[in-house]
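Working through the structure, step by step
So you can see what is in the structure, the chains are spelled out below.
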Amino acid sequence: MTRRAPLTPRLPSPLQEVRDDRFERHGLRLLLKRDDLIHPDLVGNKWRKLVPNIEAAQGRALVTFGGAYSNHLRATAAAGRLLGLPTTGVVRGDELADRPLNPSLARCAADGMRLHFVERSTYRLKNEPETLGAVLRAAGAEEAYVVPEGGSNSAAVHGCRALGAELRGHAEVVAVACGTGGTLAGLAAGLAPGQRAIGVPVLRGGFLGDDVQALQERAFGARTGSWSLDERFHFGGYGRTTPELHAFAEDFEDRHGLPVERLYVAKLLYGLVTLAEEGAFARGTTIAAVITGRPFP
């Protein structure tokens, strides 16, 4: 598939150094990898993960999955609008079907996405072939190309490998917030020897390490690159925030003039400040934080 003009990206994304005393007093440099500036509608890692799947779809309609506030659903809907592709979003929670759409789902609908709500128990089993088939039939999307929740599959992991390649030679440590793990899987594979990646999961559960390794094994045949997870900064789980996190994000915005997305980016930056204070990085280390999105709406 030839990429049309509406999907022209700004790549490589900018790399911005910020002066922050919470890092400088430990002899550390902080860089921001501004993936939030790649494209106005397909922001950040959504571009890197979704575009390879759009190319694999070869013009077919798209169907994908997400919760009521899913950044991935919004990005898929926006891609469908820009490219003239039909899109269907399977949304977790059938109780939402009779309620007014929240701003995130309203944006999806405005971009032309058909929304199909399913019971949470069914949603948990969506990767099982029998359940997936039933959901697709009920949604009228049997012929559509299936993009997994969060966009994380082998195509997406290969797409995110370029993120690591863009950061070669710029930082010893690269950190990214993680939902489904596809960005970390590709990022780590793209880094040079001697660089390492840290993933900050925004979900509870302790399962993500196995998921990232499985994604790498499917994409590359084996675990690849140097990477680890720090599970401490989910603030209660996906979609959860606290007054402490909001205060931290507001302070970071005031310090650096950067709008901080709360569900992923704020947790990442909070984690890095904590690690710096704990002495987790040797003096002289340059750290690159991947800014994967911006606040919505």
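Preceding this section is the structure that the text describes.
So, here's what we can say about the structure.

Quick notes on the rules
Residues numbered from 1 in each chain as written. Predicted model: local features only at pLDDT ≥ 70, side-chain atom pairs only at ≥ 80, totals over all residues. Heavy atoms only, no water. Core = buried A, V, L, I, M, F, W, Y, C linked by side-chain atoms within 4.5 Å. Buried < 20%, exposed > 50% of the residue type's maximum accessible area, 1.4 Å probe, protein only. Helix = DSSP H or I, 4+ residues; strand = E, 2+ residues; numbered from the N terminus. Contact = heavy atoms within 4.5 Å. Pairing = 2+ DSSP bridges. Axes fitted to C-alpha atoms, helices over the stretch in contact; angles between N-to-C directions. 1 Å grid on protein atoms, 1.4 Å probe; cavity = no way out; pocket = protein on both sides within 12 Å on 5 of 7 lines; lining within 4 Å. Points joined across faces, edges and corners; volume = space filled by probe spheres on them. Nonpolar A, V, L, I, M, F, W, Y, C, P; charged D, E, K, R; others polar. Expected span 1.5 Å × (residues − 1). Right-handed = clockwise from strand over helix to strand, strands pointing away.

We now examine the nonpolar core. Of all hydrophobic cores here, the largest spans 34 residues; its most connected members are Phe23, Leu30, Leu32, Leu269, Leu272, Phe281 and Ile287. Listed by contribution, the elements that provide at least two residues to this core are β2 (29-33), β7 (173-178), β8 (196-201), α10 (243-256), α11 (265-277) and β10 (286-290). Counting residues per element, this core draws most heavily on α11, which supplies nine residues. Other than its neighbours up to four places away in sequence, Leu272 contacts Phe23, Ala175, Phe281, Ile287 and Ala289. Listed in part, the 21 residues of the second largest apolar core include Ala171, Val176, Leu184 and Trp227.

Once that is clear, we can look at the sheet that holds β2. On the basis of which strands lie adjacent, the open sheet formed by six strands has the order β1-β2-β10-β7-β8-β9 and mixed pairing. Among the strands making up the open sheet, the edge pair consists of β1 (15-18) and β9 (227-229). Taken pair by pair, the neighbouring strands of this sheet meet at an average axis angle of 25°, ignoring direction. The pairing of β7 with β8 spans six bridges and is parallel. Paired with Val176 across the strands is Gly199, a residue of β8. α11 contacts β2, β7, β8 and β10 of the sheet and is inclined by roughly 165° relative to β10.

What follows is about the layout of surface pockets. Any space left empty among the atoms is revealed by the rolling of a water-sized probe across them. Each pocket or cavity is described by its volume, and for the largest pocket that value is around 1,000 Å³. In this structure, the largest pocket is lined by 42 residues; those nearest its centre are Arg92, Glu149, Gly179, Thr180 and Leu203. Broken down by secondary-structure element, the contributors of at least two residues to the lining of the largest pocket are α2 (45-57), β3 (62-66), α3 (71-83), α5 (120-124), β7, α8 (182-190) and α9 (208-220). With five residues, the single largest contributor to the lining of the largest pocket is α9. Its residues assigned to classes, the lining of the largest pocket shows 13 nonpolar, 18 polar and 11 charged. Along its surface, the second largest pocket is lined by 19 residues, and Asp41, Val43, Arg74, Arg294 and Phe296 are the ones closest to its centre. When residues of the lining of the second largest pocket are traced back to their parent elements, those giving at least two are α2 and α3. With five residues, the single largest contributor to the lining of the second largest pocket is α3.

This brings us to α3. Helical periodicity: at 3.6 residues per turn, an α-helix aligns residues three or four positions apart in one direction. In a regular helix each residue adds 1.5 Å, so 13 residues correspond to 18 Å; α3 covers 18 Å between its end C-alpha atoms and thus fits that length. Within α3, 12 of the 13 residues are buried, which leaves it mostly tucked inside the rest of the structure. By the burial criterion, the buried members of α3 are Asn71, His72, Leu73, Arg74, Ala75, Thr76, Ala77, Ala78, Ala79, Gly80, Leu82 and Leu83. Contact partners of the buried residues in α3: α2, β3, β4 (87-92) and α4 (103-110).

Turning our eyes to something else, we now look at the pairing of β3. Buried residues dominate β3, accounting for five of its five residues. Covered by surrounding structure in β3 are Leu62, Thr64 and Gly66 together with Val63 and Phe65, the residues of both alternating faces. With five bridges joining them, β3 and β4 adopt parallel strand pairing. Residue pairing in the sheet places Val63 in a bridge with Thr88 of β4. In this region the chain leaves β3, passes through α3 and returns to the parallel neighbour β4; the handedness of that crossover is right-handed. Judged from the two bridges that link them, β3 and strand β6 (residues 145-146) form a sheet pairing that is parallel. Paired with Leu62 across the two strands is Tyr145, which belongs to β6.

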